[in-house]
Amino acid sequence: MNYVCERLALAVGAVEVWLRVCFPRLVWALTPRGREHRRLVAELRRLESDPDYADRWRAELAEGLRQLRFERALETLLRDLADGGDRP
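What you are looking at is a predicted structure, and each value in this text was computed from that prediction instead of being measured.

Draft legend 1. Region of interest: the overall build of the protein chain. In terms of helices and strands, the protein chain carries four helices and zero strands. Overall, the protein chain shows an N-to-C arrangement of helices and strands of α-α-α-α. Buried residues in the protein chain amount to 8% of all 88 residues. Accessible surface, the protein chain: about 8200 Å² in total, of which carbon and sulfur atoms supply 62%.

Draft legend 2. Broad picture of the pattern of salt bridges. In the structure shown here, the tally under the stated rule is four salt bridges. Ionic pairing is found between Arg20 and Glu16, a salt bridge with its closest N-O pair at 3.2 Å. Linking Arg20 with Glu16, this pair stays in helix H1 (residues 2–22), spanning four residues, or about one helical turn. The partly exposed category is assigned to Glu16, whose relative accessible area is 41%. Note that Asp55 is salt-bridged to Arg58, the shortest N-O span being 3.3 Å. Linking Asp55 with Arg58, this pair stays in helix H4 (residues 51–82), spanning three residues, or about one helical turn.

Draft legend 3. The packing of aromatic side chains, seen in detail. In this structure the tally under the stated criterion is one aromatic pair. Positioned above the aromatic ring of Tyr53, the side-chain terminus of Arg46 is 3.8 Å from the ring centre.

Draft legend 4. Summary view of a nonpolar patch on the surface. A contiguous nonpolar patch, built from Val15, Trp18, Leu19, Phe23, Leu26 and Leu30 and spanning about 580 Å² of accessible area, is present on the exposed surface. You can see Val15 is positioned in helix H1.

Conventions we followed
- Residues numbered from 1 in each chain as written.
- Predicted model: local features only at pLDDT ≥ 70, side-chain atom pairs only at ≥ 80, totals over all residues.
- Heavy atoms only, no water.
- Helix = DSSP H or I, 4+ residues; strand = E, 2+ residues; numbered from the N terminus.
- Buried < 20%, exposed > 50% of the residue type's maximum accessible area, 1.4 Å probe, protein only.
- Areas by Shrake-Rupley, 256 points an atom, 1.4 Å probe, with all protein chains shown as cover.
- Salt bridge = Lys/Arg side-chain N within 4 Å of Asp/Glu carboxyl O.
- Phe/Tyr/Trp six-rings, centres within 6.5 Å; stacked < 30°, edge-to-face > 60°.
- Lys NZ or Arg CZ within 6 Å of the ring centre and 35° of its normal.
- Patch = residues over 30% accessible without salt bridge, like charges linked within 9 Å, V, L, I, M, F, W, Y side chains within 5 Å.

Set out below in structure tokens:
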């Protein structure tokens, strides 16, 4: 049984290599990265063509950065307080 599984795995690997060589665009289109790439390109096109959407996107990004900075400052403050407060 193990011998059959090994042979099957080799055959599947050989078919994958053959497909990648003979039909690279088809394999690229069928991979999840291809779908993710198309989704990101669509998002970029929408950012370029829709000013309202771009403004909302930038506002969300700025809010996320403010939140991250706040959390880091709070962590620093708590760490300083745990170390005994402000140092001279």
